[in-house]
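What follows is the residue order along each chain.
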Amino acid sequence: MTLFGRTLGGEEIAGLVFLLMALVLWFGAWRGERDWARWFRRWEAGRKARREAGSAGGPRPPSGARRGPWG
């Protein structure tokens, strides 16, 4: 095989193949990390929206009021 006017042997071809495989694995890991970060941002925004919607709800009992059977 000739690349840029240079004849490549078996070791050099294997090196290129392994380099490309490492690049593919790196891109896969990067994509997974990016997807996880995107999911986490959406989850955090949803959690914040649910918390704000819950706190904006109806009247709250006074802070000294007993809540539940054990106080």
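On a predicted model such as this, the values are computed, not experimentally measured, just so you know.

Turning our eyes to something else, we now look at the overall build of the protein. Helix and strand counts for the protein stand at one helix and two strands. In the protein, the succession of helices and strands from N to C terminus is β-β-α. For the protein, the residues scored as buried account for 1% of the 71 residues in total. Carbon and sulfur atoms make up 65% of the accessible area of the protein, which totals about 6,700 Å².

What follows is about a nonpolar patch on the surface. A cluster of nonpolar side chains, contributed by Met1, Ile13, Val17, Phe18 and Met21, occupies part of the molecular surface with about 500 Å² of accessible area. Structurally, methionine 21 can be placed in helix α1 (residues 10-55).

Okay, the packing of aromatic side chains next. Tallied over the full model, the rule gives five aromatic pairs. Here the aromatic rings of phenylalanine 40 and tryptophan 43 are separated by 5.7 Å at their centres, their planes lie at 35 degrees, and the arrangement is tilted. One end of the pair is phenylalanine 40 and the other is tryptophan 43, both in helix α1 and three residues apart, which spans about a single turn. When its relative accessible area of 34% is taken as the criterion, phenylalanine 40 is described as partly exposed. A connected cluster of aromatic rings, assembled from ring pairs, spans Trp36, Trp39, Phe40 and Trp43.

The tally for this structure, following the rule as stated, stands at four salt bridges. A salt bridge links aspartate 35 to arginine 34; the shortest N-O distance between them is 3.8 Å. Residue classification places aspartate 35 among the partly exposed residues on the basis of a relative accessible area of 32%. A relative accessible area of 33% means that arginine 34 is categorised as partly exposed. Salt bridges here are not isolated pairs; linked through shared partners, they connect Arg34, Asp35 and Arg38.

What follows deals with the confidence of the model for the protein. Predicted coordinates in regions of low pLDDT should not be interpreted in detail. Within the protein, residue pLDDT values average 85, and 82% of them lie at 70 or more. At the level of individual helices and strands, the protein shows its lowest average pLDDT in strand β1 (residues 2-3), which scores 78, and its highest in α1, which scores 93.

Parameters and conventions
Residues numbered from 1 in each chain as written. Predicted model: local features only at pLDDT ≥ 70, side-chain atom pairs only at ≥ 80, totals over all residues. Heavy atoms only, no water. Helix = DSSP H or I, 4+ residues; strand = E, 2+ residues; numbered from the N terminus. Buried < 20%, exposed > 50% of the residue type's maximum accessible area, 1.4 Å probe, protein only. Areas by Shrake-Rupley, 256 points an atom, 1.4 Å probe, with all protein chains shown as cover. Patch = residues over 30% accessible without salt bridge, like charges linked within 9 Å, V, L, I, M, F, W, Y side chains within 5 Å. Salt bridge = Lys/Arg side-chain N within 4 Å of Asp/Glu carboxyl O. Phe/Tyr/Trp six-rings, centres within 6.5 Å; stacked < 30°, edge-to-face > 60°. pLDDT = per-residue confidence, 0-100.

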